[in-house]
Amino acid sequence: MDEIAGIPPLPTEPFGLADDKLHEECGVFGVFNHPEAAALTALGLHALQHRGQEAAGIVTFDGAQFHAERRLGLVGDHFNRKGVIDNLRGNMAVGHVRYATVGETALRNVQPLFADLDIGGCALAHNGNLTNALTLRRELVSSGSIFQSTSDTEVIVHLIARSRERRDGFMSRLFDALRQIEGAYALAALTRKRLIGIRDPLGIRPLVIGKLGDATILSSETCALDIIGAEFIREVENGEVVEISDQGIDSHRAFPAQPARPCIFEYIYFARPDSIMGGHCVYDVRKGLGRELAREAPADVDVVVPVPDSGVPAAIGYAHEARIPFELGIIRNHYVGRTFIEPEQRIRKLGVKLKHNPTPSISVEGKRIVLIDDSIVRGTTSTKIVSMMREHGAREVHMRIACPPIKYPDFYGIDTPDTGALLAANHDVESMRRILGCDSLAFLTVDGTYRALGLPRRDPDQPQFTDHCFTGDYPTKLRDWDGPEPGQRHRLSLMAV
């Protein structure tokens, strides 16, 4: 896009397909006491695939040995074959789907990570990011630890292995490790005798418990319980360690009690709409975001059009509240991967149609439309969609965003760009409107977001959610980013792959 009145153009990208969405985090799943633990875990990971598409892994224990399958790619690319599942013997399993926010995409980083300890084997799967992983890693390396991955999860493994706590075997070492790490994490760990679920002190990352007959299940989301027919029991509480063994479920507290602050983006974008979080159906919350948006930022238009797929529930809520017709005016191609082809500019401009295309039977010619999306990160995709709607004859194109402007990067497991690439961090709303090329632009307020979650407003003294991407109010220390070498925070290894 050409520069507009001193506003710098958006960055260009290969084939016009830079991902203008927040990337998923990771997903964990665990099974205790089921003869088909591996098959159930594979099904659960299928249901959690939206949380990470770069790699998947499963580790099982058969009473004598651990068995592992860890692969790059989708769950269905590898764990749909009988031979693979048959190799994963045992009635206990832990699995992971990964999107890399720390550490490159390489087989050595695929989880669950496994380690032989002097007290037995341990497999560990992690959703989230540690904010002091680099600091701890350097201390561990200087004292003789040898790292094999560039994942912050391996830091936890080393802390467990090197712990001097010996009172209660593995659990005392685990508690010692937990007290040294900072940031966001939901962990599923498998030892010879137990499955363990752990949630960080603020409950930033989600984790739930389910039951399937005599089996106990751990999962990042309830939608994965549904796929295997398991009953949802409860959420793992913030700061809780759940120990699942033949003796039942024991609950431990690793930290002093404090109010939970779950990640608000789970409700806005990350979780599957059919999941239940914090007692809320995610789909209903997203419709509520749209209703609040319609109240705060009405638009005098003829039709409401969602930006698929994540903008659909909010658009339904917006249309219902505003009493404006709703149409699926854009169809998204779900089978587009990344491409690094860089053809000439004339062809690059067509790239948006690989992902989005207007619905032929729904004419926008001569109409005033409002596009509803869940968020804007860089603005590249929004710019192209606005232009596409104008090319198809829309008289006016307005945009409404069902969350506040994203002004600050995330360090807890969401792969946000640096501040310089966040559109809202560098422009006010009017400048963003001009860059996107729409007739009007409005975002849901922070308090409106909280109202959609059933609260009157955000409590500035004790925020009910982790919402730093909007407010800059980070709930934990950012030790690796506040240290003397913040520019080196991602350099966890000298090996390239």
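With respect to the overall build of the chain
- For the chain, the helix and strand inventory stands at 18 helices and 21 strands.
- Looking at the chain alone, contacts between residues at least 24 apart form 69% of all its contacts between residues at least 6 apart.
- Accessible surface, the chain: about 20,600 Å² in total, of which carbon and sulfur atoms supply 50%.

Digging into helix H5 (residues 153–162)
- Counted residue by residue, H5 has eight buried out of ten residues, so it is predominantly covered.
- Tucked inside the fold, the buried residues of H5 contact strand S5 (113–117), strand S6 (120–130), helix H4 (133–142), helix H6 (170–178) and strand S7 (183–190).

Let's talk about the packing of helix H9 (residues 282–296) against helix H10 (residues 312–322)
- One way to put it is that H9 packs onto H10 with a least axis distance of 6 Å and a crossing angle of 45 degrees. In terms of axis orientation, H9 runs oblique to H10. As for the relative orientation of H9 and H10, their crossing is right-handed in sense. Contacts from Tyr283, Arg286, Lys287, Gly290, Arg291, Leu293, Ala294 and Arg295 of H9 reach H10 at Pro313, Ala314, Ile316, Gly317, Tyr318, Glu321 and Ala322.
- Among the residues making up the contact of H9 with H10, the classes are represented as eight nonpolar, two polar and five charged.

Some remarks on the packing of aromatic side chains
- Summed over the entire model, instances satisfying the criterion amount to nine aromatic pairs.
- On the basis of an interplanar angle of 45 degrees and a centroid distance of 5.3 Å, the ring pair of Phe265 and Phe470 is categorised as tilted. Of this pair, Phe265 sits in helix H8 (residues 265–270) while Phe470 sits in helix H17 (residues 468–471), placing them 205 residues apart in sequence.
- Grouping aromatic residues by their ring pairs yields a cluster made of Phe265, Tyr269, Phe270 and Phe470.

Quick notes on the sheet that holds strand S20 (residues 396–401)
- The strand order across the open sheet built from four strands is S16-S19-S20-S21, with neighbouring strands paired in parallel fashion. The sheet is open, and its two edges are formed by strand S16 (303–306) and strand S21 (440–443), each paired on a single side. Averaged over all adjacent pairs, the angle separating strand axes in this sheet is 20 degrees, with direction ignored.
- Two strands pair when backbone bridges link them, and strand S19 (residues 368–373) and S20 are joined in this way by six bridges, in the parallel orientation. When the bridges of S20 are listed, Leu371 appears paired with Met399.
- Along the sheet, H9 makes contact with S19, S20 and S21, crossing S21 at roughly 125 degrees.

Comments concerning the sheet that holds strand S1 (residues 26–32)
- Pairing is antiparallel in the open sheet, where seven strands are placed in the order S3-S2-S4-S1-S10-S9-S11. Because the sheet does not close on itself, it has two edges, and the strands there are strand S3 (66–72) and strand S11 (231–235). Taking each pair of neighbouring strands and ignoring which way they run, the sheet shows an average axis angle of 15 degrees.
- With seven bridges connecting them, strand S2 (residues 55–61) and strand S4 (residues 92–98) associate as antiparallel partners. Note that in S4 the partner of Ala55 across the bridge is Arg98.
- Contacting S1, S2, S4 and strand S9 (208–212), helix H1 (residues 37–47) crosses the sheet at an angle of about 25 degrees to S4.

Some details on unusual backbone geometry
- For the peptide bond that leads from Gln111 to Pro112, omega is 5 degrees, which places it in the cis range.
- Asp309 follows Pro308 through a cis peptide bond whose omega is -5 degrees.
- When you line up the elements, Asp309 lands in the loop between S16 and H10.
- Residues other than glycine seldom take positive phi values, yet Asn33 does so here, at roughly 70 degrees.

A few points about the pattern of salt bridges
- One pass over the full model with this rule turns up 24 salt bridges.
- It is possible to trace a salt-bridge network through shared partners that takes in Glu292, Arg295, Glu296, Glu321 and Arg451.

Details of the confidence of the model for the chain
- With 86% of its residues at a pLDDT of at least 70, the chain reaches an overall mean of 88.
- In this model, residues 338–348 is a region of pLDDT below 50 whose contacts with residues beyond four sequence positions or in other chains number 15 contacts.
- Confidence drops under pLDDT 50 across residues 486–497; counting only partners more than four residues distant or on other chains, this segment forms 24 contacts.

Focus on the side chain of His158
- In this fold, His158 is placed in helix H5.
- Owing to a relative accessible area of 12%, His158 belongs among the buried residues under this scheme.

Brief notes about the pairing of strand S8 (residues 195–199)
- Burial runs high along S8: five of the five residues are buried.
- Residues Leu195, Gly197 and Arg199 point to one face of S8 and Ile196 and Ile198 to the other, with burial holding for every one of them.
- As judged from the five bridges shared by S7 and S8, these two strands associate in the antiparallel manner. Considered in S8, the bridge of Ala189 is made with Ile196.
- Counting the residues between successive antiparallel strands, the hairpin from S7 to S8 contains four residues.
- Sheet topology note: the S8/strand S12 (residues 240–245) ladder contains four bridges and is antiparallel. Paired with Leu195 across the strands is Ile244, a residue of S12.

Details of the nonpolar core
- Counting 70 residues, the largest nonpolar core has Phe265, Leu371, Met389 and Leu441 as the members making the most contacts within it.
- Excluding its chain neighbours within four sequence positions, the residues that come into contact with Leu441 are Ile376, Met399, Arg400, Ile401, Val429, Met432, Arg433 and Leu436.
- Counting 29 residues, the second largest nonpolar core, distinct from the first, contains Val157, Ile160, Phe175 and Ala189.

Topic: the packing of H5 against H6
- For the pair H5 and H6, the least separation of the axes is 8 Å and the interaxial angle reads 125 degrees. On the basis of their axis angle, the class for H5 and H6 is oblique. H5 and H6 meet at a crossing whose hand is right-handed. Where H5 abuts H6, its residues Ile156, Leu159, Ile160 and Ala161 lie against Phe170, Arg173, Leu174 and Ala177.
- For the contact of H5 with H6, the class distribution of residues is seven nonpolar, no polar and one charged.

About the criteria used
- Residues numbered from 1 in each chain as written.
- Predicted model: local features only at pLDDT ≥ 70, side-chain atom pairs only at ≥ 80, totals over all residues.
- Heavy atoms only, no water.
- Helix = DSSP H or I, 4+ residues; strand = E, 2+ residues; numbered from the N terminus.
- Contact = heavy atoms within 4.5 Å.
- Areas by Shrake-Rupley, 256 points an atom, 1.4 Å probe, with all protein chains shown as cover.
- Buried < 20%, exposed > 50% of the residue type's maximum accessible area, 1.4 Å probe, protein only.
- Axes fitted to C-alpha atoms, helices over the stretch in contact; angles between N-to-C directions.
- Parallel < 35°, antiparallel > 145°, perpendicular 65-115°, else oblique.
- Left-handed = near helix turned anticlockwise from the far one by under 90°.
- Nonpolar A, V, L, I, M, F, W, Y, C, P; charged D, E, K, R; others polar.
- Phe/Tyr/Trp six-rings, centres within 6.5 Å; stacked < 30°, edge-to-face > 60°.
- Pairing = 2+ DSSP bridges.
- Salt bridge = Lys/Arg side-chain N within 4 Å of Asp/Glu carboxyl O.
- pLDDT = per-residue confidence, 0-100.
- Core = buried A, V, L, I, M, F, W, Y, C linked by side-chain atoms within 4.5 Å.

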